[in-house]
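Structure assessment
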Number of protein chains: 2
Amino acid sequence: MSRELSRQRARRTETGIKQRPWRRVVNPYPPIEVLSADEVEAIHLASLRVLEELGIEFLSDGALDRLEAAGADVTRATRMVRFDRGLVAETVGRAPAMFTLHARNPERNVTMGANHIVFGSVGGPPNVTDLDRGRRPGNFADFNDFIRVIHSLNAIHMVGGIAVAPIDLSAESRHLDCCQTFLILSDRVWHATGLGRQRPADAIAMVCIAHGIDRDRLYREPAILTTINANSPRRYDGPMLDGLETMAEAGQCVCVTPFTLAGAMSPTTIAGSLVQQNAEALAGIAYVQIVNPGNPVLYGGFTSNVDMKTGAPAFGTPEYTKACLAGGQMARRYRLPYRSSNVNASNLVDAQAAYESEMALWGAVMGHANLIHHGAGWLEGGLTASFEKLVIDAEMLQMMAAFCDRIEVTEATLAVDAIAEVPPGGHFFGAAHTMARYETAFYAPIVSDWRNFETWREGGELSATQRANLIWKELLRTYEPPPMDGAVAAELAAYVARRKREIDGP
Amino acid sequence: MSRELSRQRARRTETGIKQRPWRRVVNPYPPIEVLSADEVEAIHLASLRVLEELGIEFLSDGALDRLEAAGADVTRATRMVRFDRGLVAETVGRAPAMFTLHARNPERNVTMGANHIVFGSVGGPPNVTDLDRGRRPGNFADFNDFIRVIHSLNAIHMVGGIAVAPIDLSAESRHLDCCQTFLILSDRVWHATGLGRQRPADAIAMVCIAHGIDRDRLYREPAILTTINANSPRRYDGPMLDGLETMAEAGQCVCVTPFTLAGAMSPTTIAGSLVQQNAEALAGIAYVQIVNPGNPVLYGGFTSNVDMKTGAPAFGTPEYTKACLAGGQMARRYRLPYRSSNVNASNLVDAQAAYESEMALWGAVMGHANLIHHGAGWLEGGLTASFEKLVIDAEMLQMMAAFCDRIEVTEATLAVDAIAEVPPGGHFFGAAHTMARYETAFYAPIVSDWRNFETWREGGELSATQRANLIWKELLRTYEPPPMDGAVAAELAAYVARRKREIDGP
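Everything numeric here is computed off the predicted structure, so don't read it as measured data.

1. Thoughts on the overall build of chain A
Within chain A, the secondary structure is distributed over 19 helices and 22 strands. For chain A, whose C-alpha radius of gyration is 24 Å, the value lies close to the compact-globule estimate of 23 Å for 506 residues. Taking the principal axes of its C-alpha atoms as reference, chain A extends roughly 80 × 60 × 45 Å. Going through the 506 residues of chain A one by one, you find that 66% of them count as buried. In chain A, 76% of the contacts between residues at least 6 apart in sequence involve partners at least 24 apart. Counting every atom, chain A has about 16,500 Å² of accessible surface; 52% of that belongs to carbon and sulfur. Measuring between centres, the 49 positive side-chain charges of chain A sit 3 Å from its 58 negative side-chain charges.

2. A short note on the state of the cysteines
Residues and elements named next belong to chain A. Counted according to the given criterion, the structure contains 0 disulfides over all chains. Between Cys324, a free cysteine, and Cys255, which holds the nearest cysteine sulfur, the sulfur-to-sulfur gap is 13 Å. What makes Cys324 buried here is its relative accessible area of 3%.

3. What to know about the pattern of salt bridges
All names here are of chain A. Within this structure, the stated rule accounts for 66 salt bridges over all chains. Here Arg49 makes a salt bridge to Glu53, at a shortest N to O gap of 3.5 Å. With Arg49 and Glu53 both in helix 2 (residues 37-54) and 4 residues apart, the pair spans about one turn of that helix. The closest approach of N and O atoms between Arg217 and Glu221, which form a salt bridge, is 3.2 Å.

4. Some words on the interface of chain B and chain A
On the side of chain A, 113 residues touch chain B, which itself brings 113 residues to the contact. When the buried surface of chain B facing chain A is broken down by residue, B:Tyr355, B:Phe442 and B:Trp450 rank first, second and third, together holding 9% of it. If you look at where chain B meets chain A, you find 6 salt bridges. Salt-bridge contacts for B:Arg406 lead to A:Glu39; the nearest nitrogen and oxygen are separated by 2.6 Å. At the boundary of chain B and chain A, one finds 41 residue pairs in polar contact (both at pLDDT 80 or more). In terms of residue class, the side of chain B that touches chain A is built from 63 nonpolar, 23 polar and 27 charged.

5. So, the relation of the copies chain B and chain A
Of the transformation placing chain B onto chain A, the axial shift is 0.0 Å and the rotation is 180°, giving an RMSD of 0.0 Å. Within this description, the copies of the chain are treated as partners about a two-fold rotation axis. When C-alpha positions in chain B are compared against the rotation axis, the closest is assigned to B:Ala351, at 2.2 Å. When the interface residues of chain B are mapped onto chain A, 100% of them are again interface residues, pointing to one common binding face.

6. What to know about the sheet that holds strand 10 (residues 158-159) of chain A
All names here are of chain A. In space, the 9 strands of this open sheet follow the order 1-7-20-19-16-14-12-11-10, with mixed pairing throughout. Each edge of the open sheet is held by one strand with a lone partner, namely strand 1 (25-26) and strand 10. In terms of strand pairing, strand 12 (residues 224-230) meets strand 14 (residues 253-258) through 6 bridges, oriented parallel. Residue Thr227 lies in a different strand from strand 14, and its bridge partner there is Cys255. Across the face of the sheet, helix 11 (residues 318-333) comes into contact with strand 16 (297-300) and strand 19 (338-341) while running at roughly 170° to strand 19.

7. Some thoughts on the pairing of strand 19 (residues 338-341) of chain B
Residue and element names in this part refer to chain B. By the alternation rule, side chains of strand 19 split into Tyr338 and Ser340 and Arg339 and Ser341, which are all buried. Sheet topology places strand 16 (residues 297-300) next to strand 19; 2 bridges connect them, and they run parallel. Bridge pairing in strand 19 places Tyr299 opposite Tyr338. For strand 19 and strand 20 (residues 371-373), the ladder comprises 3 bridges, and the chain directions are parallel. The residue bridging Ser340 from the neighbouring strand is Ile372, located in strand 20. Taken together, strand 19, helix 12 (residues 351-366) and strand 20 constitute a β-α-β crossover, and its handedness is right-handed.

8. Section: the packing of helix 12 (residues 351-366) of chain A against helix 13 (residues 387-403) of chain A
All names here are of chain A. Contact geometry for helix 12 and helix 13: axes closest at 11 Å, N-to-C directions at 35°. In this structure, helix 12 crosses over helix 13, and the sense of that crossing is right-handed. Across the interface between the two elements, Ala353, Ala354, Ser357, Glu358, Leu361, Trp362, Val365 and Met366 from helix 12 touch Lys389, Asp393, Met396, Leu397, Met400 and Phe403 from helix 13. Considered class by class, the residues forming the contact of helix 12 with helix 13 number 10 nonpolar, 1 polar and 3 charged.

9. Considerations on the pairing of strand 9 (residues 134-137) of chain B
As defined by bridge partners, strand 8 (residues 127-130) of chain B adjoins strand 9 of chain B across 4 bridges and the pair is classed as antiparallel. Bridge pairing in strand 9 of chain B places B:Asp130 opposite B:Gly134.

10. As for helix 2 of chain A
Residue and element names in this part refer to chain A. Between its terminal C-alpha atoms helix 2 stretches 25 Å, which fits the 26 Å expected from 18 residues at 1.5 Å a residue. Buried within helix 2 are the following residues: Glu39, Val40, Ile43, His44, Ala46, Ser47, Leu48, Val50, Leu51 and Leu54. Downstream of helix 2 by one or two residues, Gly55 has phi in the positive range, about 90°.

11. Observations regarding the sheet that holds strand 18 (residues 313-314) of chain B
All names here are of chain B. Read from one edge to the other, the open sheet built from 3 strands follows the order 15-17-18, with strand pairing classed as mixed. Every other strand in the sheet has two partners, leaving strand 15 (261-262) and strand 18 as the edge strands with one partner each. Of the strand pairs in this sheet, strand 15 and strand 17 (residues 304-306) are connected by 2 bridges, and their pairing is parallel. Note that in strand 17 the partner of Leu261 across the bridge is Ser304.

12. Structural notes on the packing of helix 6 (residues 174-185) of chain B against helix 19 (residues 486-504) of chain B
The packing of two helices is summarised by the inter-axis angle and the distance between the axes. Residues and elements named next belong to chain B. In the contact formed by helix 6 and helix 19, the axes pass within 10 Å of each other and the chain directions differ by 170°. Considering the angle they form, helix 6 stands roughly antiparallel to helix 19. Residues His175, Leu176, Asp177, Gln180, Leu183 and Ile184 of helix 6 lie in contact with helix 19, whose contacting residues are Ala489, Leu492, Ala493, Tyr495, Val496, Arg499, Lys500 and Ile503.

13. Concerning the confidence of the model for chain A
Scored by pLDDT, chain A comes out at a mean of 96, with 97% of its residues at no less than 70. Complex prediction metrics read pTM 0.97 and ipTM 0.97.

14. Quick look at the environment of A:Glu411
Locating A:Glu411 in the fold gives a position in helix 14 (residues 411-414). Residue classification places A:Glu411 among the exposed residues on the basis of a relative accessible area of 61%.

15. So, the side chain of A:Arg104
All names here are of chain A. By the secondary structure assignment, Arg104 is in the loop between strand 5 (98-101) and strand 6 (110-113). Buried and without a salt bridge, Arg104 has Asp187 as its closest oppositely charged side chain, separated by 5.6 Å. Polar contacts involving the side chain of Arg104 include one to the main-chain carbonyl oxygen of Leu183, which spans 2.9 Å. A polar atom in the side chain of Arg104 sits 2.8 Å from the backbone oxygen of Pro483.

16. Observations concerning the packing of aromatic side chains
Residue and element names in this part refer to chain A. If you walk through the whole model with that rule in mind, you get 33 aromatic pairs over all chains. Residues Phe58 and Tyr287 carry aromatic rings whose centres are separated by 5.8 Å and whose planes lie at 70° to one another, so their mutual orientation is edge-to-face. Within this pair, whereas Phe58 is found in strand 2 (residues 56-58), its partner Tyr287 is found in helix 10 (residues 270-291), the two being separated by 229 residues in sequence. This pair shows no difference in class: Phe58 is buried, exactly as Tyr287 is.

17. Details of the environment of B:Met396
Relative to the helices and strands, B:Met396 is located in helix 13 (residues 387-403). In the structure, B:Met396 is positioned 36 residues away from B:Ala432 in sequence and 32 Å away in space, judged by C-alpha atoms. Look past the residues within four positions of B:Met396 in its chain and what remains in contact with it is A:Tyr355, B:Ala354, B:Ser357, B:Glu358 and B:Leu361.

18. Observations regarding helix 3 (residues 61-69) of chain A
Residues and elements named next belong to chain A. By the burial criterion, the buried members of helix 3 are Ala63, Leu64 and Leu67. Angular distribution of buried residues about the axis of helix 3 spans 100°; they occupy a single face of the element. Positive phi shows up at Gly71, right after helix 3, with a value of about 110°.

Cut-offs applied
- Residues numbered from 1 in each chain as written.
- Chains lettered and ligands numbered in written order.
- Predicted model: local features only at pLDDT ≥ 70, side-chain atom pairs only at ≥ 80, totals over all residues.
- Heavy atoms only, no water.
- Helix = DSSP H or I, 4+ residues; strand = E, 2+ residues; numbered from the N terminus.
- Rg over C-alpha atoms; globule rule 2.2 N^0.38 Å.
- Buried < 20%, exposed > 50% of the residue type's maximum accessible area, 1.4 Å probe, protein only.
- Contact = heavy atoms within 4.5 Å.
- Areas by Shrake-Rupley, 256 points an atom, 1.4 Å probe, with all protein chains shown as cover.
- Lys, Arg positive; Asp, Glu negative; His and termini not counted.
- Charge placed at Lys NZ, Arg CZ, Asp CG, Glu CD.
- Disulfide = S-S within 2.5 Å.
- Salt bridge = Lys/Arg side-chain N within 4 Å of Asp/Glu carboxyl O.
- Buried area = accessible area lost by both parts, 1.4 Å probe.
- Polar contact = N/O pair within 3.5 Å; in protein donor to acceptor, adjacent residues only side chain to side chain.
- Nonpolar A, V, L, I, M, F, W, Y, C, P; charged D, E, K, R; others polar.
- Least-squares fit on C-alpha atoms with pLDDT ≥ 70 in both.
- Pairing = 2+ DSSP bridges.
- Axes fitted to C-alpha atoms, helices over the stretch in contact; angles between N-to-C directions.
- Right-handed = clockwise from strand over helix to strand, strands pointing away.
- Left-handed = near helix turned anticlockwise from the far one by under 90°.
- Expected span 1.5 Å × (residues − 1).
- Parallel < 35°, antiparallel > 145°, perpendicular 65-115°, else oblique.
- pLDDT = per-residue confidence, 0-100.
- Phe/Tyr/Trp six-rings, centres within 6.5 Å; stacked < 30°, edge-to-face > 60°.
- Arc of directions from axis to C-beta.

Now the structure itself:
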């Protein structure tokens, strides 16, 4: 580490709010299992029938070549690929059950697998909203502010990608600006865009610059993750396959996530949608392992359903929660790390946004998801990134992290002596046992307001969403970028400038 | 059943909203266990030390007599009662693991025990609020409207008591008006007030009139439930003990619930608060079983904590959720049905109210609570009953009930044929498998709005709370009282009139 960097790191950033420190989360409780072992096996076997008898479409000649060479049954005319169960077992079996993603700041490395939970922020919305300015198309200024607030929230382990699409920038080169933002404004691991070859290749080049490492070392120390969605039903398109190959060839993590919205892109039953999710996920993971045996992957579950009367997608419903929990069971059957999400379909940050998010979060946490993608900031079925929801989600994530701290049961915490000290009808405020503990005893919230009604009213009668609005603005006001060596920043800038000239012209 | 009653029942009430029918809920999933078996035993043993060495204060000479006769170690001067572990095991062991509460309408009977979940509405708040009229002191008109809305919401199994204190009525006789409301405006089981002898005695007399049964039959077919709170730490006061005795002598259900707010009424650790909760609950349940061996009881858990900086109570926190889950483990250790709650500390029906409620609900449902008291309508730490929260909670309860419907895994739902029918890149909207299922396939919400942003905006941009406001008013507009024989109603009215003269004078 350069002297400049050491000096910058020594100056600890104090955010303007109270929150728990950044820390890794491990779920100490067994998962909720909504399927019996027989039912898991029935879904597994039905998905093998889909893979063996029906097949998956791969819209890439290069992928068809590789799949055929690996032993899959490829029909060139239809681009359909059938996988026999032996090939599925053999290829999927190459995937690691656990791996580390390396951050620019090694203290922010995260582990995917076992009972580890990584909370990521929202990625992908075309719109952005906040209470002051309302809903508007995504833009680069908001994107940068969003990343600043994400970086300031300790509950979030990972920057989950392009939180707000900066549509004011060139569509062909904006990924470069976004990668630069990820690397400059935060030092956490981040989600790269995996569409086509160019975008992940640039992300890979830039992460090497930022980490000061070469590609061999990046291969050994994977740093970035991308989501590859199946174009459900049963299709992987060309740009997705190009992205998958580029990431896997560099040893970077591929999160294979079918988008199985029951009733629209998958059958009108949760069981059937899980069969299709499982078939599509296994096909994608098999292909990653064909491209690069042992490459880090995540089994992504994203089964929800549409409202059958209107076709509108629903999220955070009871079906969604059950599918989350079942998805975890399927992932564990193959010893694969599991990805789920924190979703809702509300159009504003209200009670619905919160209760749907909680239904999703409980499904993810108790389904032993290793990555909770879209964990903070997602609104409106993913069409909008909300600054206030980002803060409220950070509270919900922080509460889940605190839930994962086990109750401490020791002679001292059982507190029979303290109970003896306080007579019937008395109180524990002044007890020695209390005095020794009161400062750190219980969960301290970010947004929640526990004042009594009168004090709250005198304080302006603010709702949780209004308080969240004040918090993200305070976080922006007190934001400081994580330390970066000036030479590295310059090299990143030069890379971006050069690539922009190549893409957009002079 | 009289001809009049049959005629009334035949005319089915249609509420003005879409909701699932009233139905019993059974949790098919194993509970979340946050304590190891050793930790459960450590809490058990520590609470036995509290009962054996420290004792519990009973502020009633009659209770002290009965406890002494039953073998407890009674110190008259201090009114402290010590229970040895043999006495605890023997008396608590008499309690039934499961029992039925009988409603005026037998179709609304509920089972307490095993994996059954009964959702009850809020009881006890002194204030009432809604978006139109704001927060105001409780009154009889609002109380009646609240019971009408509760009765109209199918997700609620049980009327959880005096939802709003009608402080415009005589404090000494208002329980009569409230019992009359419970019996006339709803036909579900209900929670009676157990303070002193007179109130539960009147409830018992009135339920006999309404059910057309005598006390022997009521004893065999318990119909009402009351909550007996320990005045934590380690005290049962006179009115609570009088209520407990009156209920137990009549064979009615007693829900023994210590109010262990960690840091104030119990130690500043969750483990210590659970020790105290367990000791107080066991003492209360032991006394119920001394008064009437085999009497239906619930083990009530209500451990939360105060904000140590302000003393304000916090609800729906990570500690609360863990205490809920741990409380279920303690109750199951004694084979006792378990009671928990749906609580929050928000001052309005916002995202905080929803996410704190969800934290409580997940603790209750996955802690295998058999009764979720205050399940709908509780706001502001229990100081206010909210009409809008009542509707939003009904949605959350209905979602939990739907979560408890297992994923159906059959050849038909696995849907390999449907997956075969739809080509890659196609959709399932018109598939035969979809057409056969689309009307009832997925969860249909009460409050949640899944329309896209533009349609929602054109529809008035209403929040979940604003939509809930429209819903409870629609439920009031379309409310119809459940059928009751005119002679029974008259007998109830005569009873209330006579007792009011006795209590309040002519």
